[in-house]
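Spelled out, the chains give:
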Amino acid sequence: MRKKYSILIVAALFFPSLYYIALFSSFFNLESPCKNHCSQNSDLDLLSVKENHQQQQFKFSSPPKLVFPEEIQKTHINESAKEANQQQFNSSSSPAMVFSGEIQENPINESAHRATPTSPAAEKRKAQLKKELPKIIQLNQQTGVFDSRLKKILSEDCEVRFFMTWISPIAKFKSREFLALQSVFKAHPSGCVAILSTSMDSKQGRVLLKPFTDRGYRVAAISPDFNFVLKDTPAESWFNEVKKGNVDPGTIPFPQNLSNLLRLAVLYKYGGVYLDTDVLVLKKFSDLKNTMGAQSVDGNGNWNRLNNAVLVFDKKHPLIFEFLKEFSLTFNGSKWGYNGPSMVSRVVERAKARLQDYNFTILPPRAFYPVDWIKIKVLFRRPENRAGLKWVAEKVNQLSRGETYALHLWNKVSRSLEIEHGSIVERLASSQCLLCN
């Protein structure tokens, strides 16, 4: 036994690069040993990294540090204001968990989940939502002209129409969100972006977006008019019941579920591309039509979970109609993802028998979700040795020039992570940067 450990120690001392290769490789599982019998949560291919004397000439070209221009830095909001504005918009829930090769929903408060529409807990939540709803949707004089303002931004000469939603306080719109916006315009200089947000539709929001608008990029924050966008959709009656206080919002912050609904409603009314604000665009979307992406696939390559962080659909597409209907009929405000990724997965699963009626495409995980949320941290870390440097360069090349349209950064998991110098995320962000010095 002592001899066995001595051998392992010697191997670790003389072949440290093997450790890092194994460490980095473990985060991507397309070619993993479980390929034929367990769930695949990422299909970013492994590229073998070998370090030998003939490859010593490899040089790592480190990108410049990401530094935002002065006008963005001046718009930072003080932290005390940020904390004061967080209120009910923050969620303590975490993403779906992967267990035993299958997607499992996160455990939630069991008493809340068992609450019936007539339970005291549910009735209390209903009454509270009815009271706070005007504050959540924040109707104002701008809301009534939502359609005309939106059409002004989404003009006919837009290369691609993009929608984003922002339900958080303006203080939380920071560098990560700027990276997402920059990546959109880097790939689509003639594209248009409408950020559906009341907090961003303000003087302070216009200052934040000024670095883009001053450079001729078409982006604007517009307060959403829920009554208008939900009118004549399957969700209209559901929203009316919400306003009457007849819908239990559940234990997850209600604005998060409103975001799931709002993205569907605007796509149904106007058509275009919906992106989460933590999606880094890597190539043009102009060749995509009526498309969504699989978050994970099984050992046979069949999807077992879809995601709604990236949606590309025509106006009044029948599948979006079905999503809106499912949202309204099965709403559950106490299960994380139930009205989002789980909902779109349920609808598409049922539609398999009549896919010809819907005319849409499901792209594999590498298109939008090449790295699952549980593995995203490795993309933020700097490489530690030559093997790591080469691995980073190969991954950046694979993501930039392969079949990946966008990279979902899973902000719920990665927001607190620093983008380390030389990491995959920094190199990708640098290549997509429009406003960096």
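As the structure is a prediction and not an experimental result, all values here were calculated from the model. (Residues numbered from 1 in each chain as written. Predicted model: local features only at pLDDT ≥ 70, side-chain atom pairs only at ≥ 80, totals over all residues. Heavy atoms only, no water.)

The sheet built from 7 strands is open, its strands ordered β5-β4-β3-β6-β9-β8-β10 with mixed pairing. The sheet is open, and its two borders are formed by β5 (218-222) and β10 (361-363), each paired with just one other strand. Each adjacent strand pair in this sheet contributes to an overall mean axis angle of 35°, direction not counted. Where helix α7 (residues 146-153) meets the sheet, its contacts fall on β3 (161-165), β4 (192-196) and β5, and the angle it forms with β5 comes to roughly 165°. (Pairing = 2+ DSSP bridges. Helix = DSSP H or I, 4+ residues; strand = E, 2+ residues; numbered from the N terminus. Axes fitted to C-alpha atoms, helices over the stretch in contact; angles between N-to-C directions. Contact = heavy atoms within 4.5 Å.)

Attention now goes to the state of the cysteines. Here is the idea: a disulfide is a covalent bond, and it sits between the sulfur atoms of two cysteines. Summed over the entire model, instances satisfying the criterion amount to 1 disulfide. Two residues share a disulfide in this structure: Cys158 and Cys192, whose sulfurs sit 1.6 Å from each other. Its S-S torsion of approximately -95° makes the covalent link between Cys158 and Cys192 left-handed. In this pair, Cys158 is assigned in the loop between α7 and β3 and Cys192 in strand β4, connecting sequence segments 34 residues apart. In terms of burial, Cys158 and Cys192 fall into one category: buried. (Disulfide = S-S within 2.5 Å. Buried < 20%, exposed > 50% of the residue type's maximum accessible area, 1.4 Å probe, protein only.)

Further remarks concern the packing of helix α12 (residues 254-270) against helix α13 (residues 318-330). Look at α12 against α13: their axes get within 9 Å of each other, and the N-to-C directions meet at 150°. Between α12 and α13, the angle is such that the two are roughly antiparallel. α13 is crossed by α12, and the crossing has left-handed handedness. Side by side, α12 and α13 meet where Asn257, Asn260, Leu261, Leu264, Ala265, Leu267 and Tyr268 of the first sit next to Ile320, Phe321, Phe323, Leu324 and Phe327 of the second. Residues that form the contact of α12 with α13 fall into these classes: 10 nonpolar, 2 polar and no charged. (Parallel < 35°, antiparallel > 145°, perpendicular 65-115°, else oblique. Left-handed = near helix turned anticlockwise from the far one by under 90°. Nonpolar A, V, L, I, M, F, W, Y, C, P; charged D, E, K, R; others polar.)

With 58 residues, the main nonpolar core has Leu181, Val193, Ile195, Leu275, Phe285, Phe368 and Leu379 as its most contacted residues. The element that contributes the greatest number of residues to this core is helix α8 (residues 175-187), accounting for 7 residues. (Core = buried A, V, L, I, M, F, W, Y, C linked by side-chain atoms within 4.5 Å.)

Relative to the assigned elements, Asn257 resides in helix α12. Taking the C-alpha atoms as reference, Asn257 lies 9.4 Å from Trp336; in sequence the two are 79 residues apart. Setting aside anything within four residues of it in sequence, one finds Asn257 in contact with Ile252, Phe327, Phe331, Gly333 and Asn339.

This paragraph deals with unusual backbone geometry. For Asp232, which is not glycine, the phi torsion reads 65° and is therefore positive. Position of Asp232 relative to the elements: it lies in the loop between α10 (226-230) and α11 (236-244). Of note, the phi angle at Asn290 is positive, near 50°, even though the residue is not glycine. Along the chain, Asn290 falls in the loop between β7 (279-281) and β8 (291-297).

Bringing the side chain of Ser259 into the picture now. If you trace the backbone, Ser259 turns up in helix α12. Beyond its immediate chain neighbours, meaning those up to four positions away, Ser259 contacts Thr165, Ile167 and Tyr274.

On average, residues of the chain score 78 in pLDDT, and 71% of them reach the 70 mark or higher. Across the chain, element-level confidence peaks in strand β6 (residues 272-275) with a mean pLDDT of 98 and bottoms out in strand β1 (residues 97-99) with 25. (pLDDT = per-residue confidence, 0-100.)

To describe a pair of aromatic rings, one takes the distance between the centres and the angle between the planes. Under the counting rule described, the total for this entry stands at 21 aromatic pairs. Taken together, a centroid distance of 5.9 Å and an interplanar angle of 65° make the contact between Phe162 and Phe285 edge-to-face. You can see Phe162 sitting in strand β3 and its partner Phe285 sitting in the loop between β7 and β8, a full 123 residues away along the chain. On the accessibility criterion, Phe285 (1% relative accessible area) is buried. Taking the centre distance of 6.0 Å and the plane angle of 50° together, the rings of Tyr268 and Phe321 count as tilted. Highlighted residues: Tyr268 in helix α12 and Phe321 in helix α13, separated in sequence by 53 residues. According to the relative accessible area criterion, Tyr268 is buried, its value standing at 12%. Following the ring pairs from residue to residue traces out a cluster consisting of Phe162, Phe285, Phe368, Tyr369, Tyr405 and Trp410. When the ring centre of Phe228 is taken as origin, the NZ or CZ atom of Lys269, which lies over that ring, is 5.2 Å away. In this arrangement the basic side chain of Arg346 is found over the ring face of Tyr338, its NZ or CZ atom lying 4.0 Å from the centre. (Phe/Tyr/Trp six-rings, centres within 6.5 Å; stacked < 30°, edge-to-face > 60°. Lys NZ or Arg CZ within 6 Å of the ring centre and 35° of its normal.)

For the structure on display, the rule yields 18 salt bridges. Note that Arg350 and Glu326 form a salt bridge whose closest N and O atoms lie 2.7 Å from each other. Taken together, the residues span a long stretch of sequence, with Arg350 in helix α14 (residues 341-351) and Glu326 in helix α13 at a distance of 24 residues. Under the relative-accessibility criterion, Glu326 is labelled buried at 8%. Here Glu420 and Arg382 are joined by a salt bridge, their closest N and O atoms 3.5 Å apart. Placement of Glu420 in the loop between α17 (411-414) and α18 (424-432) and of Arg382 in the loop between α15 (365-368) and α16 (386-401) is noted, with a sequence separation of 38 residues between them. A cluster of three or more residues bridged by salt bridges with shared partners is formed by Arg149, Asp201 and Arg206. (Salt bridge = Lys/Arg side-chain N within 4 Å of Asp/Glu carboxyl O.)

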